Amino acid sequence: MGRTLCILIAFSLLSACAAAEPVVGMNGERLFLDNCAECHQVDGRGVANVYPALDGNETVAGSGADVALVLIIGRGEMPSFRGALNSAEMAAVINYVRNAWSNRGEPISAAEIDAL
Ligand code: HEC
(Lines give C-alpha, C1' and ligand atoms only; values in the text may rest on other atoms or scores of the structure.)
Protein backbone atom coordinates (compact mmCIF):
# COMPACT_ATOMS: atom_id res chain seq x y z
CA MET A 1 0.00 0.00 0.00
CA GLY A 2 2.59 2.53 1.15
CA ARG A 3 4.77 1.67 -1.76
CA THR A 4 2.00 2.07 -4.35
CA LEU A 5 1.12 5.45 -2.90
CA CYS A 6 4.76 6.47 -3.05
CA ILE A 7 5.02 5.45 -6.70
CA LEU A 8 1.82 7.33 -7.47
CA ILE A 9 3.09 10.48 -5.79
CA ALA A 10 6.44 10.22 -7.55
CA PHE A 11 4.63 9.84 -10.86
CA SER A 12 2.39 12.87 -10.30
CA LEU A 13 5.39 14.95 -9.34
CA LEU A 14 7.19 13.88 -12.50
CA SER A 15 4.22 14.72 -14.71
CA ALA A 16 3.85 18.06 -12.99
CA CYS A 17 7.48 18.86 -13.80
CA ALA A 18 7.10 17.69 -17.39
CA ALA A 19 3.99 19.82 -17.86
CA ALA A 20 5.77 22.91 -16.52
CA GLU A 21 8.51 22.51 -19.14
CA PRO A 22 8.03 24.99 -22.01
CA VAL A 23 7.28 23.55 -25.47
CA VAL A 24 10.67 24.74 -26.68
CA GLY A 25 13.85 25.17 -24.66
CA MET A 26 14.62 28.01 -22.27
CA ASN A 27 17.11 29.26 -24.77
CA GLY A 28 14.48 30.58 -27.19
CA GLU A 29 12.59 32.30 -24.42
CA ARG A 30 15.77 33.90 -23.09
CA LEU A 31 16.68 35.10 -26.59
CA PHE A 32 13.18 36.52 -27.01
CA LEU A 33 13.39 38.39 -23.71
CA ASP A 34 16.84 39.74 -24.58
CA ASN A 35 16.18 40.67 -28.22
CA CYS A 36 12.50 41.08 -28.95
CA ALA A 37 10.45 41.72 -25.80
CA GLU A 38 11.60 45.33 -25.59
CA CYS A 39 9.38 46.05 -28.61
CA HIS A 40 7.00 43.12 -28.95
CA GLN A 41 6.55 42.84 -25.15
CA VAL A 42 6.94 39.84 -22.86
CA ASP A 43 3.31 38.81 -23.46
CA GLY A 44 3.79 39.01 -27.24
CA ARG A 45 1.05 41.59 -27.55
CA GLY A 46 3.26 44.40 -28.83
CA VAL A 47 2.31 48.05 -28.48
CA ALA A 48 -0.75 49.25 -30.38
CA ASN A 49 0.15 51.12 -33.59
CA VAL A 50 3.88 50.86 -32.90
CA TYR A 51 5.01 47.26 -32.46
CA PRO A 52 2.85 44.48 -33.90
CA ALA A 53 1.63 41.71 -31.61
CA LEU A 54 3.36 38.39 -32.26
CA ASP A 55 0.69 36.46 -30.37
CA GLY A 56 -1.88 35.44 -32.97
CA ASN A 57 0.17 37.14 -35.72
CA GLU A 58 -0.41 35.82 -39.26
CA THR A 59 3.24 35.97 -40.31
CA VAL A 60 4.32 34.18 -37.16
CA ALA A 61 1.64 31.52 -37.58
CA GLY A 62 2.36 31.23 -41.31
CA SER A 63 5.84 29.74 -41.54
CA GLY A 64 9.14 29.75 -39.69
CA ALA A 65 10.85 30.75 -42.94
CA ASP A 66 8.80 33.95 -43.19
CA VAL A 67 9.72 34.89 -39.64
CA ALA A 68 13.36 34.08 -40.41
CA LEU A 69 13.28 36.45 -43.39
CA VAL A 70 11.95 39.25 -41.17
CA LEU A 71 14.83 38.61 -38.76
CA ILE A 72 17.47 38.37 -41.49
CA ILE A 73 16.31 41.35 -43.56
CA GLY A 74 14.64 43.48 -40.89
CA ARG A 75 11.42 45.26 -41.59
CA GLY A 76 10.48 48.93 -41.31
CA GLU A 77 11.47 50.10 -37.84
CA MET A 78 12.65 46.64 -36.90
CA PRO A 79 16.40 46.09 -37.21
CA SER A 80 17.94 43.11 -39.00
CA PHE A 81 19.26 40.47 -36.59
CA ARG A 82 21.68 39.09 -39.14
CA GLY A 83 24.77 40.18 -37.23
CA ALA A 84 23.28 39.83 -33.74
CA LEU A 85 21.96 36.25 -33.84
CA ASN A 86 23.43 33.19 -35.55
CA SER A 87 21.17 30.74 -37.35
CA ALA A 88 20.85 28.42 -34.33
CA GLU A 89 19.81 31.36 -32.15
CA MET A 90 17.36 32.54 -34.81
CA ALA A 91 15.86 29.04 -34.99
CA ALA A 92 15.50 28.95 -31.18
CA VAL A 93 13.81 32.34 -30.95
CA ILE A 94 11.55 31.63 -33.96
CA ASN A 95 10.50 28.28 -32.50
CA TYR A 96 9.81 30.07 -29.24
CA VAL A 97 7.55 32.77 -30.72
CA ARG A 98 5.81 30.24 -32.95
CA ASN A 99 4.87 28.20 -29.88
CA ALA A 100 4.48 30.88 -27.21
CA TRP A 101 1.13 32.32 -26.04
CA SER A 102 -1.64 31.06 -28.36
CA ASN A 103 0.75 30.29 -31.25
CA ARG A 104 1.42 26.75 -32.45
CA GLY A 105 3.80 26.07 -35.33
CA GLU A 106 6.15 23.45 -36.69
CA PRO A 107 9.78 24.02 -35.69
CA ILE A 108 12.39 25.37 -38.10
CA SER A 109 16.03 24.21 -38.02
CA ALA A 110 19.23 26.24 -38.16
CA ALA A 111 20.05 24.52 -41.48
CA GLU A 112 16.78 25.77 -43.01
CA ILE A 113 17.68 29.28 -41.91
CA ASP A 114 21.18 28.96 -43.38
CA ALA A 115 19.56 28.00 -46.68
CA LEU A 116 17.69 31.32 -46.73
C1 HEC B 1 13.27 47.93 -32.07
C2 HEC B 1 11.99 47.24 -31.92
C3 HEC B 1 11.91 45.81 -32.39
C4 HEC B 1 12.65 44.74 -31.98
C5 HEC B 1 13.80 44.73 -31.00
C6 HEC B 1 12.10 43.58 -32.66
N7 HEC B 1 11.07 43.96 -33.47
FE8 HEC B 1 9.95 42.73 -34.64
N9 HEC B 1 9.01 44.35 -35.41
C10 HEC B 1 9.16 45.65 -35.02
C11 HEC B 1 8.34 46.51 -35.84
C12 HEC B 1 8.22 48.02 -35.72
C13 HEC B 1 7.69 45.67 -36.76
C14 HEC B 1 6.74 46.10 -37.89
C15 HEC B 1 7.58 46.47 -39.08
C16 HEC B 1 6.75 46.92 -40.25
O17 HEC B 1 5.90 46.15 -40.71
O18 HEC B 1 6.99 48.03 -40.71
C19 HEC B 1 8.13 44.31 -36.46
C20 HEC B 1 7.70 43.20 -37.14
C21 HEC B 1 7.99 41.90 -36.78
C22 HEC B 1 7.43 40.74 -37.42
C23 HEC B 1 6.46 40.73 -38.58
C24 HEC B 1 5.07 40.87 -38.04
C25 HEC B 1 4.04 40.96 -39.14
O26 HEC B 1 2.89 41.26 -38.79
O27 HEC B 1 4.33 40.72 -40.31
C28 HEC B 1 7.93 39.64 -36.78
C29 HEC B 1 7.63 38.19 -37.07
C30 HEC B 1 8.84 40.14 -35.75
N31 HEC B 1 8.84 41.51 -35.78
C32 HEC B 1 9.54 39.35 -34.89
C33 HEC B 1 10.55 39.81 -34.04
C34 HEC B 1 11.43 38.96 -33.29
C35 HEC B 1 11.35 37.45 -33.25
C36 HEC B 1 12.30 39.78 -32.65
C37 HEC B 1 13.48 39.40 -31.81
C38 HEC B 1 14.50 38.57 -32.43
C39 HEC B 1 11.94 41.16 -32.98
N40 HEC B 1 10.87 41.13 -33.83
C41 HEC B 1 12.56 42.30 -32.49
C42 HEC B 1 9.99 46.08 -34.00
C43 HEC B 1 10.92 45.31 -33.34
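Please refer to the structure placed before this passage.
Residues numbered from 1 in each chain as written. Predicted model: local features only at pLDDT ≥ 70, side-chain atom pairs only at ≥ 80, totals over all residues. Heavy atoms only, no water.

(A) Focus on the packing of aromatic side chains. For the structure shown, the criterion picks out 3 aromatic pairs. Ring plane angle 65° and centroid distance 5.4 Å describe the contact between Phe-32 and Trp-101, whose orientation is recorded as edge-to-face. Here the residue Phe-32 occupies a position in helix H2 (residues 26–35), and Trp-101 occupies one in the loop between helix H6 (87–97) and helix H7 (110–115), the gap between them amounting to 69 residues. The class for Phe-32 is buried, based on a relative accessible area of 0%. Taking 5.9 Å as the distance between ring centres and 75° as the angle between the ring planes, the aromatic pair formed by Tyr-96 and Trp-101 counts as edge-to-face. Take Tyr-96: its relative accessible area is 11%, and that puts it in the buried class. (Phe/Tyr/Trp six-rings, centres within 6.5 Å; stacked < 30°, edge-to-face > 60°. Helix = DSSP H or I, 4+ residues; strand = E, 2+ residues; numbered from the N terminus. Buried < 20%, exposed > 50% of the residue type's maximum accessible area, 1.4 Å probe, protein only.)

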